[in-house]
Amino acid sequence: MADTGSTPNALPREILPGVRVCANPTAVARAAARQFVDWAWQSIAREGSFIVALSGGSTPRELYRMLATPEYRAQVDWLRVQLFWGDERAVPPDHPDSNYGMARRELLLKVPIPPQNVHRMEAERPNIGRAAHDYEEVLRQVLDLDERGFPRFHLILLGMGLDGHTASIFPGSRIPVQTSRWVSTPMVTKLGARRMTLTLPVLDAARRVLFLITGAEKADVLQRVIEGGADPPYPAQLVQPRDGTRHFLLDEAAASKLVPGDEAPAQPQDRTRRQP
Ligand code: 6PG
């Protein structure tokens, strides 16, 4: 694959529609920070706010760190940013596994975002189902709804696990593709733990979904997510914004199994099939 940015500030190279590749995880974080700033400017100019669902796990940590640096922090009108989470573990906010806790350490404590604009998932509550309903009420207060009645984020950040999960939508269990719920609390068998997560219709209602995926260990699953064909489809494959755009920012290692569009033989359009 041609050089996709071995120099620190090289721009990512688009290898497929919506799929851009950077040299390494730091370059991915930098490209994502630039994109965050651009989309924030667009949303705030157009609608007066930038409403984002942050992802968890380890990949976005470097992005949050980068957004907190003077270079990027100064480019965002944080007073007009509203932050939610795409999913959360059933742990207190100060627990090392907390997605909110990681974002707080790397970003929230370092940028002037008003506390009332930060909406964490209270997944540690004994009644996590009640907490999910309460989160839906906060979503209802802050976000506009799309034509199907689902809250519409300006941006949802997502990662992908080695098994193709995204947010806390895991393979194996019957994935509620068609649900009226905005927030669910699945028991994740492989983890032996419950999670709180935005549901697939909410992910699909977003104006923009941005996947940040790095590492060679994800290359095989990522190829099947992007090129389609896995049966049943991976959860990450099922995220198809209805009236929005889907973007991937990858490092070379994660993208190593993808065939760039200018090299791939002509293929019939293979739209991912949703589960029945
Ligand atoms: C979580 C995330 C999850 C994450 C993937 C990838 O709570 O774990 O929301 O969906 O994005 O598991 O995690 P890594 O970035 O650590 O590989």
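It should be emphasised that the depicted structure is a prediction, and the values quoted were computed from it without experimental measurement. (Residues numbered from 1 in each chain as written. Predicted model: local features only at pLDDT ≥ 70, side-chain atom pairs only at ≥ 80, totals over all residues. Heavy atoms only, no water.)

1. Here we look at the environment of glutamate 122
We apply this condition: Helix and strand labels come from DSSP, where a helix needs a run of H or I of at least four residues and a strand needs a run of E of at least two; each type is numbered from the N terminus. Throughout, exposure labels follow a simple rule: accessible area from a 1.4 Å probe, protein chains only, divided by the maximum for the residue type, with under 20% read as buried, over 50% as exposed, and the rest as partly exposed. Contact definition: two residues touch when any of their heavy atoms are within 4.5 Å. Nitrogen and oxygen atoms within 3.5 Å of one another constitute a polar contact, given that in protein one can donate a hydrogen and the other can accept it, and given that sequence-neighbouring residues count only through two side-chain atoms.
When you line up the elements, glutamate 122 lands in the loop between α4 (99–106) and α5 (128–142). The class for glutamate 122 is partly exposed, based on a relative accessible area of 33%. C-alpha of glutamate 122 to C-alpha of arginine 89: the two residues are 33 residues apart in sequence and 9.1 Å apart in space. Glutamate 122 has contacts with Ala131 and Met196, leaving out every residue within four places of it along the chain. Among the polar contacts made by the side chain of glutamate 122, one reaches the side chain of arginine 125 at a distance of 2.8 Å.

2. A look at the site of the ligand
In plain terms, the rule: Any residue with a heavy atom positioned within 4 Å of a molecule or strand is treated as near that molecule or strand. Shrake-Rupley sampling with a 1.4 Å probe provides the accessible areas, and residues are treated as covered by the protein chains on show and by no other component. Definitions used throughout: a 1 Å grid over protein atoms alone; a cavity as a set of points that fits a 1.4 Å probe which cannot get out; a pocket as an open set with protein on both sides within 12 Å along at least five of seven lines; a lining residue as one with an atom within 4 Å of a point. For this analysis, a molecule is said to be in a pocket or cavity if more than half of its atoms are within 2 Å of the grid points defining it.
Not every one of the 15 residues close to the ligand is listed here, only the nearest: Ser58, Thr59, Asp87, Ala167 and Lys218. Within the side chain of threonine 59, an N or O atom sits 2.6 Å from an oxygen atom of the ligand. Between the ligand and arginine 89, the relevant distance is 2.7 Å, taken from an oxygen atom to a side-chain nitrogen or oxygen of the residue. Burial of the ligand by the protein amounts to 87% of the accessible area it has alone, namely 420 Å². Assessed atom by atom at 2 Å from the grid points, the ligand resides in the second largest pocket.

3. A look at the sheet that holds strand β10 (residues 208–213)
Put simply, the rule is: By the convention used here, strands pair only if DSSP detects at least 2 bridges between them. Axis geometry follows a simple rule: fit a line to the C-alpha atoms, using only the stretch in contact for helices, then measure angles between N-to-C directions, giving values from 0 to 180 degrees.
What the seven strands build is an open sheet, ordered β1-β2-β11-β10-β6-β3-β4; its pairing is mixed. Among the strands making up the open sheet, the edge pair consists of β1 (13–16) and β4 (81–85). Each neighbouring strand pair of the sheet contributes to a mean axis angle of 25°, computed without reference to strand direction. Sheet topology places strand β6 (residues 155–158) next to β10; three bridges connect them, and they run parallel. When the bridges of β10 are listed, isoleucine 156 appears paired with valine 209.

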